[in-house]
Amino acid sequence: YHYNPTEAKKLLAEAGYPNGLTLEQIDWYTRDAAETTIGMLKEIGVTVKRREVDNATQVTLITKGEYGDMTAAAWYIPGYDVDTELYAFLHSKGAKNYGFYKNPEMDKLLEAQRKEQDPTKRKEILKKIWDLQLSDLPLIWYPTARGITAWRSYVKNFRPHTIMGSIVCCYTTGNNNRIIWHDK
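Reference entry: report on the structure contained in this document. (Residues numbered from 1 in each chain as written. Predicted model: local features only at pLDDT ≥ 70, side-chain atom pairs only at ≥ 80, totals over all residues. Heavy atoms only, no water.)

1. Some words on the overall build of the protein
How we decide: For the purposes of this entry, the term helix denotes a DSSP run of H or I that reaches at least four residues, the term strand denotes a run of E that reaches at least two, and both are numbered from the N terminus. Only protein chains enter the accessibility calculation, which uses a 1.4 Å probe; a residue is then buried when its area is under 20% of its type maximum, exposed when over 50%, and partly exposed in between. We call two residues in contact when some of their heavy atoms are within 4.5 Å. Only the protein chains shown count as cover for residues, with accessible areas throughout obtained via the Shrake-Rupley method and a probe of 1.4 Å.
Summing up its helical and strand segments, the protein has 6 helices and 6 strands in all. The order of α-helices and β-strands along the protein, N terminus first, is α-β-α-β-α-α-α-α-β-β-β-β. Evaluated residue by residue, the protein yields a buried proportion of 28% over its 184 residues. If you take every contact in the protein between residues at least 6 apart in sequence, the share linking residues at least 24 apart comes to 57%. Carbon and sulfur atoms make up 54% of the accessible area of the protein, which amounts to about 12,700 Å² in all.

So, in C-alpha coordinates, the structure goes:
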(Lines give C-alpha, C1' and ligand atoms only; values in the text may rest on other atoms or scores of the structure.)
Protein backbone atom coordinates (compact mmCIF):
# COMPACT_ATOMS: atom_id res chain seq x y z
CA TYR A 1 0.00 0.00 0.00
CA HIS A 2 1.23 3.48 -0.81
CA TYR A 3 1.04 6.38 1.61
CA ASN A 4 -2.16 8.18 0.63
CA PRO A 5 -3.88 10.09 3.47
CA THR A 6 -6.82 11.14 1.28
CA GLU A 7 -7.62 7.56 0.32
CA ALA A 8 -7.11 6.43 3.94
CA LYS A 9 -9.63 8.99 5.20
CA LYS A 10 -12.09 7.82 2.56
CA LEU A 11 -11.65 4.18 3.60
CA LEU A 12 -12.13 5.09 7.27
CA ALA A 13 -15.37 6.91 6.43
CA GLU A 14 -16.58 3.90 4.42
CA ALA A 15 -15.79 1.68 7.40
CA GLY A 16 -18.02 3.80 9.62
CA TYR A 17 -15.46 6.23 11.05
CA PRO A 18 -16.09 9.51 9.21
CA ASN A 19 -14.74 11.47 12.18
CA GLY A 20 -11.76 9.18 12.76
CA LEU A 21 -11.21 6.95 15.75
CA THR A 22 -9.04 6.50 18.81
CA LEU A 23 -6.91 3.41 19.37
CA GLU A 24 -4.96 2.20 22.37
CA GLN A 25 -1.44 0.88 21.76
CA ILE A 26 0.58 -0.81 24.45
CA ASP A 27 4.09 -1.81 23.46
CA TRP A 28 7.82 -1.57 23.91
CA TYR A 29 9.20 -2.53 20.48
CA THR A 30 8.23 0.61 18.56
CA ARG A 31 9.62 3.11 21.03
CA ASP A 32 12.00 4.56 18.40
CA ALA A 33 9.48 4.74 15.55
CA ALA A 34 6.23 5.28 17.45
CA GLU A 35 6.06 9.05 17.08
CA THR A 36 6.42 8.83 13.30
CA THR A 37 3.71 6.19 13.01
CA ILE A 38 1.40 8.01 15.43
CA GLY A 39 1.91 11.24 13.49
CA MET A 40 1.05 9.58 10.18
CA LEU A 41 -2.08 8.04 11.68
CA LYS A 42 -3.10 11.41 13.13
CA GLU A 43 -3.05 12.86 9.60
CA ILE A 44 -5.93 10.58 8.65
CA GLY A 45 -7.94 11.09 11.84
CA VAL A 46 -6.68 8.16 13.91
CA THR A 47 -5.61 9.13 17.41
CA VAL A 48 -3.27 6.66 19.09
CA LYS A 49 -2.99 6.63 22.85
CA ARG A 50 0.29 4.82 23.40
CA ARG A 51 1.49 3.35 26.65
CA GLU A 52 5.09 2.18 26.71
CA VAL A 53 5.92 -0.82 28.86
CA ASP A 54 9.17 -2.67 29.51
CA ASN A 55 10.19 -5.63 27.38
CA ALA A 56 9.15 -8.31 29.90
CA THR A 57 5.69 -6.77 30.26
CA GLN A 58 5.40 -6.50 26.46
CA VAL A 59 6.10 -10.22 26.03
CA THR A 60 3.54 -11.11 28.71
CA LEU A 61 0.87 -8.83 27.23
CA ILE A 62 1.24 -9.93 23.61
CA THR A 63 1.28 -13.59 24.63
CA LYS A 64 -2.02 -13.08 26.45
CA GLY A 65 -3.44 -10.81 23.75
CA GLU A 66 -3.85 -7.98 26.26
CA TYR A 67 -2.36 -5.02 24.42
CA GLY A 68 -5.23 -2.67 23.67
CA ASP A 69 -6.25 -2.21 20.04
CA MET A 70 -2.79 -2.70 18.57
CA THR A 71 0.78 -3.53 19.45
CA ALA A 72 4.10 -4.26 17.81
CA ALA A 73 6.22 -7.36 17.90
CA ALA A 74 9.74 -8.00 16.72
CA TRP A 75 11.15 -11.19 15.31
CA TYR A 76 14.82 -11.44 16.21
CA ILE A 77 15.98 -14.66 14.62
CA PRO A 78 17.24 -14.09 11.08
CA GLY A 79 15.01 -15.58 8.46
CA TYR A 80 17.07 -17.97 6.38
CA ASP A 81 13.83 -19.20 4.83
CA VAL A 82 10.60 -17.29 4.29
CA ASP A 83 8.75 -19.88 6.37
CA THR A 84 10.35 -18.53 9.56
CA GLU A 85 8.86 -15.13 8.77
CA LEU A 86 5.39 -16.38 7.82
CA TYR A 87 4.28 -19.50 9.67
CA ALA A 88 4.80 -18.25 13.22
CA PHE A 89 2.81 -15.07 12.58
CA LEU A 90 0.12 -16.17 10.12
CA HIS A 91 -0.84 -19.75 10.98
CA SER A 92 -3.78 -19.97 13.39
CA LYS A 93 -1.58 -22.08 15.71
CA GLY A 94 1.60 -20.08 15.07
CA ALA A 95 3.70 -19.27 18.13
CA LYS A 96 3.84 -15.56 17.24
CA ASN A 97 0.21 -15.17 16.08
CA TYR A 98 -0.40 -12.47 18.66
CA GLY A 99 -3.39 -11.01 16.81
CA PHE A 100 -5.15 -14.41 16.89
CA TYR A 101 -5.54 -14.33 13.10
CA LYS A 102 -7.42 -17.37 11.84
CA ASN A 103 -8.04 -18.24 8.21
CA PRO A 104 -8.32 -21.93 7.23
CA GLU A 105 -7.17 -21.13 3.69
CA MET A 106 -4.02 -19.47 5.05
CA ASP A 107 -3.34 -22.46 7.31
CA LYS A 108 -3.60 -24.85 4.33
CA LEU A 109 -1.26 -22.73 2.23
CA LEU A 110 1.30 -22.39 5.02
CA GLU A 111 1.28 -26.13 5.61
CA ALA A 112 1.49 -26.85 1.87
CA GLN A 113 4.55 -24.62 1.35
CA ARG A 114 6.33 -26.47 4.16
CA LYS A 115 5.82 -29.80 2.39
CA GLU A 116 6.42 -28.72 -1.21
CA GLN A 117 9.81 -29.83 -2.53
CA ASP A 118 9.53 -28.35 -6.02
CA PRO A 119 10.90 -24.76 -5.82
CA THR A 120 8.65 -23.50 -8.63
CA LYS A 121 5.50 -24.94 -7.07
CA ARG A 122 6.51 -23.66 -3.63
CA LYS A 123 7.01 -20.18 -5.04
CA GLU A 124 3.45 -20.30 -6.44
CA ILE A 125 2.11 -21.24 -2.99
CA LEU A 126 4.14 -18.45 -1.36
CA LYS A 127 2.66 -15.96 -3.86
CA LYS A 128 -0.84 -17.07 -2.80
CA ILE A 129 0.15 -16.62 0.86
CA TRP A 130 1.44 -13.13 0.10
CA ASP A 131 -1.72 -12.16 -1.76
CA LEU A 132 -3.98 -13.55 0.96
CA GLN A 133 -2.17 -11.73 3.76
CA LEU A 134 -2.37 -8.51 1.75
CA SER A 135 -6.11 -9.06 1.35
CA ASP A 136 -6.78 -10.01 4.99
CA LEU A 137 -4.10 -7.68 6.39
CA PRO A 138 -3.67 -9.45 9.75
CA LEU A 139 -0.30 -7.69 10.21
CA ILE A 140 1.43 -4.60 9.03
CA TRP A 141 5.04 -5.38 8.20
CA TYR A 142 7.12 -2.47 9.44
CA PRO A 143 10.00 -1.69 7.07
CA THR A 144 13.47 -1.58 8.55
CA ALA A 145 16.74 -0.41 7.14
CA ARG A 146 19.30 -2.87 5.93
CA GLY A 147 22.74 -2.52 7.39
CA ILE A 148 26.20 -3.16 6.12
CA THR A 149 28.60 -5.04 8.33
CA ALA A 150 32.28 -5.73 7.73
CA TRP A 151 34.71 -8.00 9.51
CA ARG A 152 38.21 -9.27 8.99
CA SER A 153 38.80 -12.46 7.01
CA TYR A 154 40.22 -14.24 10.08
CA VAL A 155 36.88 -13.92 11.92
CA LYS A 156 35.17 -17.25 11.26
CA ASN A 157 31.53 -18.37 11.47
CA PHE A 158 30.18 -14.83 11.85
CA ARG A 159 26.70 -14.46 10.35
CA PRO A 160 25.52 -10.90 10.76
CA HIS A 161 22.11 -9.47 10.04
CA THR A 162 20.33 -6.26 10.88
CA ILE A 163 16.98 -5.97 12.52
CA MET A 164 15.01 -3.14 14.03
CA GLY A 165 16.58 -0.52 11.82
CA SER A 166 20.30 -0.06 11.98
CA ILE A 167 21.02 -2.18 15.04
CA VAL A 168 23.49 -4.86 14.02
CA CYS A 169 23.04 -8.20 15.69
CA CYS A 170 24.79 -11.48 15.32
CA TYR A 171 22.86 -14.69 15.68
CA THR A 172 24.47 -17.93 14.73
CA THR A 173 23.37 -21.49 15.08
CA GLY A 174 23.77 -22.96 18.52
CA ASN A 175 25.01 -20.69 21.27
CA ASN A 176 25.12 -17.39 19.39
CA ASN A 177 28.54 -15.76 19.55
CA ARG A 178 30.19 -18.66 21.38
CA ILE A 179 30.94 -20.41 18.09
CA ILE A 180 32.64 -17.46 16.41
CA TRP A 181 36.41 -17.65 16.43
CA HIS A 182 39.51 -15.87 15.19
CA ASP A 183 41.68 -17.91 12.84
CA LYS A 184 44.86 -15.85 13.05
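2. Some remarks on a nonpolar patch on the surface
Just so we agree on the cut-off: Here a patch means residues that are over 30% exposed by relative accessible area and free of salt bridges, tied together within 9 Å if like-charged and within 5 Å if nonpolar (Val, Leu, Ile, Met, Phe, Trp, Tyr). For this document, the term salt bridge refers to a Lys or Arg side-chain nitrogen within 4 Å of an Asp or Glu carboxyl oxygen.
On the surface, a nonpolar cluster with roughly 510 Å² of combined accessible area is contributed by Trp130, Leu134, Leu137, Ile140 and Trp141. Mapped onto the elements, Ile140 comes out in the loop between α6 (119–136) and β3 (155–156).

3. Regarding the side chain of His91
Short version of the rule: A 3.5 Å cut-off defines polar contacts: any pair of N or O atoms within that distance qualifies, except that in protein one atom must be a possible hydrogen donor and the other a possible acceptor, and neighbouring residues in sequence count only when both atoms are side-chain atoms.
If you trace the backbone, His91 turns up in the loop between α4 (82–90) and α5 (104–115). Among the residues examined, His91 registers a relative accessible area of 4% and is labelled buried. Of the polar contacts made by the side chain of His91, one reaches the backbone nitrogen of Lys93; its length is 3.0 Å.

4. Some thoughts on unusual backbone geometry
For Phe100, which is not glycine, the phi torsion reads 55° and is therefore positive. The topology assignment puts Phe100 in the loop between α4 and α5. Judged by its relative accessible area of 54%, Phe100 falls in the exposed class. Although it is not a glycine, Leu137 sits at a positive phi angle of roughly 50°. When you line up the elements, Leu137 lands in the loop between α6 and β3. According to the relative accessible area criterion, Leu137 is partly exposed, its value standing at 39%.

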